[in-house]
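What the coordinates show
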Amino acid sequence: MLTINICMNNIHLEHHPMFVTSAYVTYVEDIDNTKISEHVYYLDKNVPNVRRQRSNAGGFQTNDIYPMPYDFNETGKLFDNFIKPSVGTILNGWQVPHDIDSFSYWYNLNPKYTYNREHIHANALVSGVYYVKVPKDSGRIVFNRSTNEYDRMHNIQTIYASNDTIVDNPHTNNSHWFIPVEGMLVLFPSHVSHYVEQNITEDESDGRISLSFNF
């Protein structure tokens, strides 16, 4: 069990993290994001039967793709060289038996004013998103506590507000977010609720493109 010793004013506290929820971030190189972008635009314009509307509000989202084989060579390279090894490392750290080849993925295209509604990824262990194309001001990915925790933490947030205090502390924060950049890979436990903010980039023709997946 992980313990962290805290000594203050001659008081010794053993800090025992009880339930840890973490996201994992890395930055991928050696992937041709332009090729993947062109592939997604092609799917959007020419293959109408691949689309669906789940969390994506106003944008383009493909159906789940099961990689037998991959639908696009550069996407396969991304999974085999970066995503699958990363997910394997996480699940090994959790000591969860798993089949690293049991996963699905889908593409998202979000033009200006579109976004992704708050949701979780059911029936999965690890989920994630890879950012293929990220225009300026095209939206953060935001993770929220569960409803019950959110309500409890709101009491603490109210105390902060009454003292005109802004505190960034993972013990009391209700939300955590990342500002995406091209080539960024974010992995997280599938049960964590999250959403993606509205794309408000200046160029109405410039969309945020991402690749999402469930293991």
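Residues numbered from 1 in each chain as written. Predicted model: local features only at pLDDT ≥ 70, side-chain atom pairs only at ≥ 80, totals over all residues. Heavy atoms only, no water.

**Here's the deal with the overall build of the chain**
Helix and strand counts for the chain stand at three helices and 14 strands. Its C-alpha atoms give the chain principal-axis dimensions of roughly 65 × 40 × 30 Å. Out of the 215 residues in the chain, the part that is buried amounts to 41%. Here the contacts in the chain between residues at least 6 apart in sequence split such that 80% fall between residues at least 24 apart. By element, 53% of the accessible surface of the chain is carried by carbon and sulfur atoms, the whole surface being about 12,900 Å². (Helix = DSSP H or I, 4+ residues; strand = E, 2+ residues; numbered from the N terminus. Buried < 20%, exposed > 50% of the residue type's maximum accessible area, 1.4 Å probe, protein only. Contact = heavy atoms within 4.5 Å. Areas by Shrake-Rupley, 256 points an atom, 1.4 Å probe, with all protein chains shown as cover.)

**Observations concerning a nonpolar patch on the surface**
A contiguous nonpolar surface patch, about 270 Å² in accessible area, is contributed by Val25, Tyr27 and Val181. Note that Val181 resides in the loop between strand S11 (175-178) and strand S12 (184-189). (Patch = residues over 30% accessible without salt bridge, like charges linked within 9 Å, V, L, I, M, F, W, Y side chains within 5 Å. Salt bridge = Lys/Arg side-chain N within 4 Å of Asp/Glu carboxyl O.)

**Topic: empty space enclosed by the protein**
One pass over the full model with this rule turns up one cavity of 30 Å³ or more. Counted as a void, the largest cavity has a volume near 170 Å³. Taken together, 17 residues make up the lining of the largest cavity; nearest its centre are Asn108, Asn116, Val129, Val196 and Ser212. Going through the elements one at a time, strand S7 (104-110), strand S8 (115-119), strand S9 (126-133), strand S13 (193-196) and strand S14 (208-214) are the ones with two or more residues in the lining of the largest cavity. (1 Å grid on protein atoms, 1.4 Å probe; cavity = no way out; pocket = protein on both sides within 12 Å on 5 of 7 lines; lining within 4 Å. Points joined across faces, edges and corners; volume = space filled by probe spheres on them.)

**Examining the side chain of Asn110**
By secondary structure assignment, the location of Asn110 is in strand S7. Ignoring any residue separated from it by four or fewer positions in sequence, one finds Asn110 in contact with Asn56, Gly59, Tyr115, Asn116, Asn199, Gly207 and Arg208.

**A word on the pattern of salt bridges**
A full pass over the atoms with the stated rule returns five salt bridges. Note that Lys84 is salt-bridged to Asp101, the shortest N-O span being 2.6 Å. Residue Lys84 is found in helix H2 (residues 73-94), and its partner Asp101 is found in the loop between H2 and S7; the two are separated by 17 residues along the sequence. Asp101 gets classed as partly exposed once you look at its relative accessible area, which sits at 39%. Between Glu149 and Arg145 there is a salt bridge, with its nearest N and O atoms 3.7 Å apart. According to the relative accessible area criterion, Glu149 is partly exposed, its value standing at 38%. Given the relative accessible area of 18%, Arg145 is considered buried. In the salt-bridge network here, residues are joined through shared partners; they are Asp80, Lys84 and Asp101.

**Focus: the layout of surface pockets**
Size it by volume and the largest pocket reaches roughly 1,000 Å³. Looking at the largest pocket, it is lined by 28 residues, and the ones nearest its centre are Phe19, Val20, Thr21, Arg145 and Pro170. Elements represented by at least two residues in the lining of the largest pocket include exactly strand S10 (141-144), S11 and S12. Per-element accounting of the lining of the largest pocket gives the leading share, three residues, to S11. Residues that form the lining of the largest pocket fall into these classes: 13 nonpolar, 13 polar and two charged. (Nonpolar A, V, L, I, M, F, W, Y, C, P; charged D, E, K, R; others polar.)

**Brief notes about the pairing of S7**
Of all seven residues making up S7, seven are buried, and the element is well covered by its neighbours. Where burial is concerned, the two faces of S7 agree: the one with Ser104, Trp106, Asn108 and Asn110 and the one with Tyr105, Tyr107 and Leu109 are both buried. Summarising the sheet, strand S6 (residues 60-62) and S7 pair through two bridges and their orientation is antiparallel. Along S7, the bridge assignment pairs Phe60 with Leu109. (Pairing = 2+ DSSP bridges.)

**Here's the deal with the sheet that holds S11**
The strand order S5-S8-S13-S10-S11 describes an open sheet built from five strands, whose pairing is antiparallel. Two strands in the sheet have a free side with no partner beyond their single neighbour: strand S5 (56-57) and S11. The pairing of S5 with S8 spans two bridges and is antiparallel. Paired with Asn56 across the strands is Asn116, a residue of S8.

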